[in-house]
Amino acid sequence: QVQLVESGGGLVQAGDSLTLSCAASRLTFTFSVYDMGWFRQAPGKDREFVAAIRWTGDNTDYANSVQGRFTISRDNAKNQVLLQMNSLKPEDTAAYYCAAKIHFRSEYEYWGQGTQVTVSS
């Protein structure tokens, strides 16, 4: 069973930056064939898409709310995906989850336990 472990969350002030990491292990296939994504869920709200990076590494996608502030990247040698978050806002406060799917699957199959990001005003 694929295991995803997020790290890097914390309490920051508005305008600060934070980088989240997601380490993948127990992979069925090589990490490079997985599409990777970040999602978040704030209290009382549904989980929402944040960012994704295709298995090829040359195609990324972002939610409108984070476009221009967040950057997703991957390091296939380390089986790792990063989410660089700049100019953080209080509305970015949420639990952030890493997700993975083999690139030809339509839905994300594997999820991490999440890491909390809290942005104070």
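Summarised in this report is the structure supplied together with it.

Criteria and thresholds
- Sequence positions are assigned chain by chain, starting from 1 and proceeding in written order.
- Restriction of local features to residues with pLDDT of at least 70 applies here, the model being predicted, together with a cutoff of 80 or more for giving and counting side-chain atom pairs; totals for whole chains, interfaces and linings are based on all residues.
- Computation of side-chain values covers all heavy atoms of the structure but excludes hydrogens and water.
- Pairing between strands requires that DSSP locate at least two bridges from one strand to the other.
- Helix and strand assignments follow DSSP, with helices taken as H or I runs no shorter than four residues and strands as E runs no shorter than two, numbered in order from the N terminus.
- With axes taken as lines fitted to C-alpha atoms, and helix axes fitted only over the stretch in contact, angles between N-to-C directions fall between 0 and 180 degrees.
- Here a cavity is any set of points on a 1 Å grid over the protein atoms alone where a 1.4 Å probe fits but cannot get out, and a pocket is any open set with protein on both sides within 12 Å along at least 5 of 7 lines; a residue lines the site when it has an atom within 4 Å of a point.
- Grid points are joined across faces, edges and corners, and a volume is the space filled by probe spheres set on the points.
- Residue type decides the class: Asp, Glu, Lys and Arg count as charged, Ala, Val, Leu, Ile, Met, Phe, Trp, Tyr, Cys and Pro as nonpolar, and the leftover types, Gly among them, as polar.
- Whenever Lys or Arg places a side-chain nitrogen within 4 Å of a carboxyl oxygen from Asp or Glu, that contact is recorded as a salt bridge.
- Relative accessibility under 20% of the residue-type maximum defines a buried residue, over 50% an exposed one, and the middle range a partly exposed one, all with a 1.4 Å probe and only protein chains included.
- Working definition: a disulfide is two cysteine sulfur atoms within 2.5 Å of each other.

1. Observations regarding the sheet that holds strand β8 (residues 80–85)
Now for step 1: Taken together, 4 strands build an open sheet; the order of strands is β1-β3-β8-β7 and the sheet is antiparallel. Whereas interior strands pair on both sides, the edge strands pair on one side only; in this sheet they are β1 (3–7) and β7 (70–75). Strand-to-strand twist of the sheet, defined as the mean angle between neighbouring strand axes without regard to direction, takes the value 15 degrees.
Now for step 2: Inspection of the sheet shows strand β3 (residues 18–25) paired to β8 by 6 bridges, in the antiparallel sense. Bridging from a neighbouring strand, Cys-22 pairs with Val-81 of β8.

2. So, the layout of surface pockets
Now for step 1: The calculated volume of the largest pocket comes to roughly 200 Å³.
Now for step 2: As for the largest pocket, its lining consists of 13 residues, of which Arg-40, Lys-45, Glu-48, Glu-91 and Asp-92 are closest to the centre.
Now for step 3: Classifying every residue of the lining of the largest pocket by side-chain character gives 2 nonpolar, 3 polar and 8 charged.

3. Observations regarding the pattern of salt bridges
Now for step 1: In this structure the tally under the stated criterion is 6 salt bridges.
Now for step 2: Residue Arg-40 pairs with Asp-92 through a salt bridge whose shortest N-O separation is 2.9 Å. Here Arg-40 is found in strand β4 (residues 34–41), whereas its partner Asp-92 is found in the loop between β8 and β9 (94–102), with 52 residues between them in sequence. Here Arg-40 matches Asp-92 in class, with each residue buried.
Now for step 3: Through salt bridges with shared partners, one network takes in Arg-40, Glu-48, Arg-69 and Asp-92.

4. Some thoughts on the state of the cysteines
Now for step 1: The final tally for this structure, using the stated rule, is 1 disulfide.
Now for step 2: Each disulfide pairs two cysteine sulfurs, and for Cys-22 the partner residue is Cys-98, the sulfurs being separated by 2.1 Å. Sign of the S-S torsion, about -80 degrees for the bond between Cys-22 and Cys-98, identifies this disulfide as left-handed. Taken together, the residues Cys-22 in strand β3 and Cys-98 in strand β9 connect sequence positions 76 residues apart. Assigned by exposure class, Cys-22 and Cys-98 land together as buried.

Everything listed here is a matter of coordinates, which is why it stays silent on function.
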